[in-house]
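The lines below spell out each chain.
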Amino acid sequence: MSAPRPAAGILPAAIAVFRRELLAEWRTRVAVNSLFLFAFAVLVLVAYVVGPTRLSPEDRPTVNAVLLWIVLFFSAMTGLSRTFVHEEDAGTAAALRLSAPPPGVLLGKLFANVVLLGAVTAFIVPLFVVFMGFEIKEPLLFVLLLLLGISGLASASTFTAALVSKASAKGALFAVLAIPLLLPPLVGCVLATRVAATQADFSAGVDFLRLLVAYDGVVTTAAFLLFDAVWRE
Amino acid sequence: MRLVAENLSRSFGRRAFGPVSFRIETGRVLGVAGENGSGKTTLLKTLAGLIRPSGGYAKIFFDGEEAGDGHEPRDIPWSIGWCAPDLSLYGELTAEENLIFFERVRGRAAQLSGVKALLAEVGLPESSYSKKALGALSTGQRQRVKLAFATLHEPDLLLLDEPGANLDEAGRSIVQKVVSEQRFRGITVIASNDPRDLALTDERVTLS
């Protein structure tokens, strides 16, 4: 009998997991529906109750920044936990454990969640800007912080979903673990969004971008270091 | 190649199985018998590396490896094939898409012709494996797909938990064929209470 074959590569496994996640989502639309419906419902509610005219001009950047990130944060909380929870609930996790290298599984699912949250962001942000009369004075800063913000949200949500997937009270545990993990970058995102809305000066928001890059780096690195133990135990 | 278990046991608060010891060589088929709840499924999951043992060890030794060498199953998952009632594949994908996905995550070049041939070998018509989602197949058809999944990557160690469950006579002959082919490739372990499954084995361990 031959010696053991080498382990499968991380990147091919990640690409396969990513494609499967999106294909399954395309066919079932479970996460997409909950993400988009939640985001759209909150947006309509906020636009109807608060609207662009009921805020004083000096309050508008701060309140709009908070509301925008509340919509994105709770959308992530609603839809992204499903990625690992469904694997355990459906009983497919064991087949995946036997077949794929753990970092490939995490990377594939993380990419899929970034794409899903990115799609929701691309759908919601233009509507939010129009409905709320949200003026952005530094668009490049705004786009960069959206990219870094949703990457951080997706990364922390994906890893937290893996942590809670075998627990009995998954929903409550997911919220308890994810909220403290996500609050620091959310505060940074809100403050940076306010800067992008009030100052036409990219350098004014660079420190917030640095903070988000550092947060994304730390969370993603920690997720990859810890995932093997979380996934296989 | 040989599979060696020494005082292997698992507890979840109370004893699930063991301690149990056995040693089996390439070409042989080990049967694991025992009443319901005696820990057959847990033993197979431990041999698959899905569960850590509470005591003892199970190790796989390839040719030329000495007693001090050996691999724990969890460290060489690509050498293991597993088919069990609580194994599920992706219900929203077709059987063909499932097998291609698992080939890809293993880093193997997914050959559509090979996957189709394997699914045909386990007795599935093309209309079932390439058009219908797995979730829409019957329980017996899904069991056939699980057998194809377990043997797809030509594993050195094949673990079959109740392989004949939900299968008709034609399906059972496929189990026999799978076990016969595995004799040329490596080791098979079958956990079952069904005498027809256990008749395929050469040696037996009975859990109590």
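We now turn to the structure provided with this report.

Calculation rules
- Residues numbered from 1 in each chain as written.
- Chains lettered and ligands numbered in written order.
- Predicted model: local features only at pLDDT ≥ 70, side-chain atom pairs only at ≥ 80, totals over all residues.
- Helix = DSSP H or I, 4+ residues; strand = E, 2+ residues; numbered from the N terminus.
- Rg over C-alpha atoms; globule rule 2.2 N^0.38 Å.
- Buried ≥ 20, exposed ≤ 12 C-beta atoms within 10 Å, placed from the backbone.
- Contact = placed C-beta atoms within 7 Å.
- Axes fitted to C-alpha atoms, helices over the stretch in contact; angles between N-to-C directions.
- Parallel < 35°, antiparallel > 145°, perpendicular 65-115°, else oblique.
- Left-handed = near helix turned anticlockwise from the far one by under 90°.
- Core = buried A, V, L, I, M, F, W, Y, C linked by C-beta atoms within 7 Å.
- Expected span 1.5 Å × (residues − 1).
- Pairing = 2+ DSSP bridges.
- Nonpolar A, V, L, I, M, F, W, Y, C, P; charged D, E, K, R; others polar.

### Some thoughts on the overall build of chain B
- Counting secondary structure elements, chain B contains seven helices and eight strands.
- In terms of overall size, chain B behaves like a compact globule, its C-alpha atoms giving a radius of gyration of 17 Å where 208 residues would be expected to give roughly 17 Å.
- With the C-alpha coordinates aligned to their principal axes, the bounding extent of chain B is approximately 45 × 35 × 30 Å.
- Sorting the 208 residues of chain B into buried and exposed places 49% on the buried side.
- In chain B, once contacts between residues fewer than 6 apart in sequence are set aside, the share between residues at least 24 apart is 71%.

### What to know about the overall build of chain A
- Assigned secondary structure in chain A consists of nine helices and zero strands.
- The secondary structure elements of chain A, listed N-terminal to C-terminal, are α-α-α-α-α-α-α-α-α.
- Structurally, chain A occupies a C-alpha span of about 75 × 35 × 30 Å along its principal axes.
- Classification of the 233 residues of chain A by burial places 45% in the buried group.
- Taking contacts inside chain A between residues at least 6 apart in sequence as the whole, the part at least 24 apart equals 86%.

### Quick word on the packing of helix H2 (residues 95-105) of chain B against helix H5 (residues 139-151) of chain B
All names here are of chain B.
- Packing of H2 against H5 brings their axes to within 10 Å, and their N-to-C directions diverge by 20°. Taken together, the axis directions place H2 and H5 in an arrangement best described as roughly parallel. As H2 runs across H5, the sense of the crossing is right-handed. Contacts between H2 and H5 involve Ala95, Asn98, Leu99 and Phe102 from the former and Val145, Ala148 and Phe149 from the latter.

### Description of the nonpolar core
- Of all hydrophobic cores here, the largest spans 128 residues; its most connected members are A:Leu145, B:Phe149 and B:Leu159.
- Top element by residues in this core is helix H7 (residues 139-164) of chain A. It accounts for 14 residues.

### So, H7(A)
- Taking 1.5 Å of rise per residue, 26 residues should cover 38 Å, and H7(A) covers 37 Å from first to last C-alpha, within 8% of that figure.
- In terms of residue burial, H7(A) counts as a mostly covered element, since 21 of its 26 residues are buried.

### Focus on unusual backbone geometry
Residue and element names in this part refer to chain B.
- The backbone phi angle of glutamate 162 is positive, close to 50°, even though this residue is not glycine.
- Relative to the assigned elements, glutamate 162 resides in the loop between strand E6 (157-161) and helix H6 (169-183).
- Residue class for glutamate 162 comes out buried when judged on the 21 C-beta atoms lying within 10 Å of it.
- Despite not being glycine, asparagine 166 shows a phi value in the positive range, around 70°.
- Positionally, asparagine 166 belongs in the loop between E6 and H6.
- By the C-beta count within 10 Å, which is 15 here, asparagine 166 ends up partly exposed.

### Section: the sheet that holds strand E7 (residues 187-191) of chain B
Residue and element names in this part refer to chain B.
- Spatially, the five strands line up as an open sheet ordered E5-E6-E7-E3-E8, and their pairing is parallel. Of all strands in the sheet, those bounded by a partner on one side alone are strand E5 (80-83) and strand E8 (203-207). Taken over all neighbouring pairs, the strand axes of this sheet differ in orientation by 15° on average, direction set aside.
- Bridging between E5 and E6 involves four bridges; their strand directions are parallel. For glycine 81, the partnering residue across the bridge sits in E6 and is leucine 158.
- Along the sheet, helix H1 (residues 40-48) contacts strand E3 (29-34), E5, E6, E7 and E8; its crossing angle with E7, the most-contacted strand, is approximately 155°.
- Along the sheet, H5 contacts E5 and E6; its crossing angle with E5, the most-contacted strand, is approximately 170°.

### Quick word on the environment of B:Gly135
Residue and element names in this part refer to chain B.
- The residue glycine 135 is located in the loop between helix H4 (126-131) and H5 in this model.
- As for glycine 135 and threonine 26, which are separated by 109 residues in sequence, their C-alpha atoms are 35 Å apart.
- Ignoring any residue separated from it by four or fewer positions in sequence, one finds glycine 135 in contact with Gly91 and Glu92.

### Description of the interface of chain B and chain A
- Tallying the contact residues gives 31 residues for chain B and 27 residues for chain A.
- Here the side of chain B that touches chain A gets four residues from one element, more than from any other, and that element is H2(B).
- Of the residues contributing to the side of chain B that touches chain A, the split by class is 17 nonpolar, seven polar and seven charged.

### Details of the sheet that holds strand E1 (residues 2-12) of chain B
All names here are of chain B.
- The sheet built from three strands is open, its strands ordered E2-E1-E4 with antiparallel pairing. Strand pairing shows two members of the sheet lacking a second neighbour, strand E2 (14-25) and strand E4 (55-61), which therefore form its edges. The mean angle between the axes of side-by-side strands here comes to 15°, regardless of whether they run parallel or antiparallel.
- For E1 and E4, the ladder comprises six bridges, and the chain directions are antiparallel. Among the inter-strand pairings, serine 9 is bridged to a residue of E4, identified as glycine 55.

### Brief notes about the environment of B:Pro125
- Along the chain, B:Pro125 turns up in the loop between helix H3 (112-121) and H4.
- Residues B:Pro125 and B:Ser113 lie twelve residues apart in sequence; the distance between their C-alpha atoms is 14 Å.

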